[in-house]
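Descriptive analysis of the structure
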Amino acid sequence: MPAQVYQGGCQCGAVRYEVTVDLDSTVICNCSRCRRLGSIMAFTPSNQFEMLSGEHATTEYLFNKQIIHHHFCSTCGVQSFSRGQTPDGTPIVAINARCLDGVDPEQLKPKHYDGKNH
Ligand SMILES: [Zn+2]
């Protein structure tokens, strides 16, 4: 599956974005946050991600090494994306594939990432 354009966002609709991302390589993670949220993540460079609305509608949450900026909707609480960077400093966005319009998360085949021990 090549990268495709999707729209997505939070539950209440305050946060909306458009993103080009490849859903063939999704990840679920067992770290203290992801295992609670159940996010299925797909990563893409920040320049493939555009906020349509809600740039200021999120609350930012940092934990552990404080590298990943988790943005959840201040109204409905759904975290539909987070921001980070690759080891070489390239800004990337982690999309929660569960928050994309028209995507059935049951059809995704995520790899398991051992975030608990990293
Ligand atoms: Zn919301």
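Report on the accompanying structure. (Residues numbered from 1 in each chain as written. Predicted model: local features only at pLDDT ≥ 70, side-chain atom pairs only at ≥ 80, totals over all residues. Heavy atoms only, no water.)

**Section: the coordination of the zinc ion**
A four-donor tetrahedral metal ideally has 109.5 degree angles, and a six-donor octahedral metal ideally has angles of 90 or 180 degrees. At the metal site, the zinc ion is ligated by C10 (SG), C12 (SG), C73 (SG) and C76 (SG), and these contacts range over 2.3 to 2.4 Å. Bound by four donor atoms, the zinc ion shows angles of 105 to 116° at the metal and therefore tetrahedral coordination geometry. C10 sits in the buried class, given a relative accessible area of 9%. Residue C12 is classed as partly exposed on the basis of its relative accessible area of 42%. (Donors = N, O, S within 2.8 Å, 3.2 Å for Na, K, Ca; no water. Tetrahedral: all angles 85-135°; square planar, octahedral: opposite > 155°, others 65-115°. Buried < 20%, exposed > 50% of the residue type's maximum accessible area, 1.4 Å probe, protein only.)

**So, the nonpolar core**
If you look at the biggest cluster of nonpolar residues, it comprises 20 residues, and the most contacted ones within it are Y17, V19, L23, F49, F81, I95 and L100. Counting only elements with at least two residues in this core, the list comes to β2 (16–21), β5 (49–53) and β9 (91–96). The greatest single-element share of this core, amounting to three residues, is contributed by β2. If you look at the next biggest cluster of nonpolar residues, it comprises six residues, including C31, M41, F63 and A94. (Core = buried A, V, L, I, M, F, W, Y, C linked by side-chain atoms within 4.5 Å. Helix = DSSP H or I, 4+ residues; strand = E, 2+ residues; numbered from the N terminus.)

**Some details on the side chain of T58**
Position of T58 among the secondary structure elements: in strand β6 (residues 58–61). Taking relative accessible area as the criterion, T58 reaches 18% and is therefore assigned buried. Reaching out from T58, the side chain makes a polar contact with the side chain of H71 at a distance of 3.5 Å. (Polar contact = N/O pair within 3.5 Å; in protein donor to acceptor, adjacent residues only side chain to side chain.)

**Some remarks on the packing of aromatic side chains**
The final tally for this structure, using the stated rule, is four aromatic pairs. Here the aromatic rings of Y17 and F81 are separated by 5.9 Å at their centres, their planes lie at 75°, and the arrangement is edge-to-face. Here Y17 is found in strand β2, whereas its partner F81 is found in strand β8 (residues 81–85), with 64 residues between them in sequence. Since its relative accessible area comes to 0%, Y17 is described here as buried. Measuring from ring centre to ring centre gives 5.8 Å for Y61 and F63, while their planes differ by 15°; the resulting arrangement is stacked. Looking at Y61, the relative accessible area reads 37%, which means it is partly exposed. (Phe/Tyr/Trp six-rings, centres within 6.5 Å; stacked < 30°, edge-to-face > 60°.)

**Section: the layout of surface pockets**
Rolled over the atoms, a probe as big as a water molecule pinpoints where empty space is left. When its volume is computed, the largest pocket comes out at roughly 840 Å³. In terms of lining, the largest pocket is formed by 32 residues, of which the most central are C29, C31, I68, H70 and Y113. If you list the elements that add at least two residues to the lining of the largest pocket, you get β3 (26–29), α1 (34–37), β4 (41–45), β8 and β9. Its residues assigned to classes, the lining of the largest pocket comprises 15 nonpolar, 13 polar and four charged. (1 Å grid on protein atoms, 1.4 Å probe; cavity = no way out; pocket = protein on both sides within 12 Å on 5 of 7 lines; lining within 4 Å. Points joined across faces, edges and corners; volume = space filled by probe spheres on them. Nonpolar A, V, L, I, M, F, W, Y, C, P; charged D, E, K, R; others polar.)

It is worth stressing that arrangement in space is one thing and function is another; only the former is reported here.
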